[in-house]
Amino acid sequence: EWNGKKYYSNKYNQCVSFDEAGIYIYKRGDIYILISNGPNGQNGNGGHAHNDKLSFIIKYKEEEIFIDPGTFLYTPFPEERNKFRSTKSHNTVCVNDEEQNRFVENYLFGTIEDCKERTNKIITNENGFTFVGSHDSYKRINKNLVHQREIKFDYKKLRFEIKDLFKDKKVKKEATLIIPSKKIRNREGNTFNLDVGKITFETNKEIDVIKKIGISQEYGVVQKTCTKILVRFENILNFSIDLDTSE
């Protein structure tokens, strides 16, 4: 155990599950992934929470591939504070252009606790892991808007397969991925070629790319060094991340 938490380790995998916090970390060789699907905290107030349910970050060879943009600041610029803690500033899905947990006007240290239920399960094996999680933040819009995300990792292939699923097909859904711009070499249709692999989306819907996205690695400092990929879908989105071993 690690500080009393579930910990699984052998010659193949290292995985730790902080179930109450909704944090799951897997590390093997050059691969590191953190998956977040936790509560708001502070008895639901969410004073320090971001709208990052079912978001993830991935590092490969100690370099960030999919990132969390950070906090930036608290009170000086309310719009910036809300932008950095918003759903579209994390590697997850936004529904109907609304927040997972709605912000309260003129209140920067809390949210409405729209998420009532979450589920998380991670299973590891000799060749990787499968994570399945869900949250019901958007049931306030429609009872069929429970977001389920499945993440599978195959170590032999260095491949992540990710599936986002809703029962509803009508309400707008948009997945976000935030990547350091220097990692993206070019785009070929639904495939984005990286300097360490590629991302491929199975979709016939629109894919938007926004460049010069700001991230904050220290308080009060923003660097516009990232690119945001936005993928619209009806109720199912499948995409894969292939990481190679070339230099």
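Please refer to the structure higher up on the page.
Presented here is an overview of the structure given in this document. Only a predicted model underlies this, so the values are computations on that prediction, with no experimental measurement involved. (Residues numbered from 1 in each chain as written. Predicted model: local features only at pLDDT ≥ 70, side-chain atom pairs only at ≥ 80, totals over all residues. Heavy atoms only, no water.)

A closer look at a nonpolar patch on the surface
Right, on to step 1. A grouping of V104, Y107, F109 and I112 is seen on the molecular surface, where their side chains present a nonpolar patch of about 290 Å² in accessible area.
Right, on to step 2. Here I112 is to be found in the loop between β9 (107-111) and β10 (118-125).
Right, on to step 3. When its relative accessible area of 35% is taken as the criterion, I112 is described as partly exposed. (Patch = residues over 30% accessible without salt bridge, like charges linked within 9 Å, V, L, I, M, F, W, Y side chains within 5 Å. Areas by Shrake-Rupley, 256 points an atom, 1.4 Å probe, with all protein chains shown as cover. Salt bridge = Lys/Arg side-chain N within 4 Å of Asp/Glu carboxyl O. Helix = DSSP H or I, 4+ residues; strand = E, 2+ residues; numbered from the N terminus. Buried < 20%, exposed > 50% of the residue type's maximum accessible area, 1.4 Å probe, protein only.)

Remarks on the packing of aromatic side chains
Two aromatic rings are characterised by how far apart their centres lie and by the angle between their planes.
Right, on to step 1. If you walk through the whole model with that rule in mind, you get 11 aromatic pairs.
Right, on to step 2. Aromatic side chains F201 and F239 sit 5.4 Å apart centroid to centroid with 35° between the ring planes, which places their arrangement in the tilted category. With a gap of 38 residues between them, F201 in strand β17 (residues 197-202) and F239 in strand β20 (residues 236-243) connect regions that are remote in the sequence.
Right, on to step 3. Among the residues examined, F201 registers a relative accessible area of 3% and is labelled buried. (Phe/Tyr/Trp six-rings, centres within 6.5 Å; stacked < 30°, edge-to-face > 60°.)

Remarks on the pattern of salt bridges
Right, on to step 1. Under the defined criterion, the tally for this structure stands at 15 salt bridges.
Right, on to step 2. Among the ionic pairs, E63 bridges to K183, the shortest N-O distance being 2.1 Å. With E63 in strand β6 (residues 63-66) and K183 in the loop between β14 (173-180) and β15 (184-188), the pair connects residues that are 120 residues apart, well separated along the chain.
Right, on to step 3. On the basis of relative accessible area, E63 is assigned to the partly exposed category, the value being 40%.
Right, on to step 4. Here D168 and K173 are joined by a salt bridge, their closest N and O atoms 3.0 Å apart.
Right, on to step 5. In this structure D168 comes out as buried when scored by relative accessible area, which is 7%.
Right, on to step 6. If you follow the salt bridges from partner to partner, you end up with K88, D97, K172, E174, E206 and R232 in one network.

Regarding the sheet that holds strand β16 (residues 191-194)
Note on sheets: strands pair through backbone hydrogen bonds, and any given pair is parallel or antiparallel.
Right, on to step 1. If you walk across this open sheet you meet the 8 strands as β10-β11-β12-β13-β20-β17-β16-β15, and the pairing is antiparallel. At either end of the open sheet lies a strand with only one pairing partner, and these are β10 and β15. Across the sheet, the axes of successive neighbouring strands diverge by a mean angle of 10°, strand direction being ignored.
Right, on to step 2. Bridge count between β17 and β20: 6 bridges; the pairing is antiparallel. Across the sheet, the residue bridging to K198 is D242, located in β20. (Pairing = 2+ DSSP bridges. Axes fitted to C-alpha atoms, helices over the stretch in contact; angles between N-to-C directions.)

A short note on the pairing of β9
Right, on to step 1. Where strand β8 (residues 103-104) meets β9, 2 bridges bridge the pair, whose relative direction is antiparallel. Pairing of F103 across the sheet is with T111, part of β9.

Quick notes on the sheet that holds strand β19 (residues 221-233)
Right, on to step 1. Strand order in the open sheet made by the 4 strands is β7-β14-β19-β18, with antiparallel pairing throughout. The open sheet terminates on both sides in strands that have one partner only, identified here as β7 (93-95) and β18 (207-218). Put simply, the sheet's adjacent strands are angled 35° from each other on average, direction ignored.
Right, on to step 2. The pairing of β18 with β19 spans 8 bridges and is antiparallel. By the bridge assignment for β19, I213 is matched with C226.

Some remarks on the state of the cysteines
Right, on to step 1. Going through the model one piece at a time under the given rule, you end up with 0 disulfides.
Right, on to step 2. In this model C94 remains outside any disulfide bridge; the closest cysteine sulfur is found in C115, 14 Å from its own.
Right, on to step 3. The exposure class assigned to C94 is buried, which follows from its relative accessible area of 4%. (Disulfide = S-S within 2.5 Å.)

A closer look at the side chain of R28
Right, on to step 1. One can find R28 in strand β3 (residues 23-28).
Right, on to step 2. Of the side chains bearing the opposite charge, E126 lies closest to the buried R28, which forms no salt bridge; the N-O distance is 7.6 Å. (Lys, Arg positive; Asp, Glu negative; His and termini not counted.)

Notes on the pairing of β20
Every regular strand shows the same layout, with side chains that alternate between the two sheet faces.
Right, on to step 1. Of all 8 residues in β20, 6 are buried; the element is thus mostly enclosed.
Right, on to step 2. Pairing analysis gives 7 bridges linking strand β13 (residues 159-165) to β20, with the strands arranged antiparallel. By the bridge assignment, D164 is partnered in β20 with L237.

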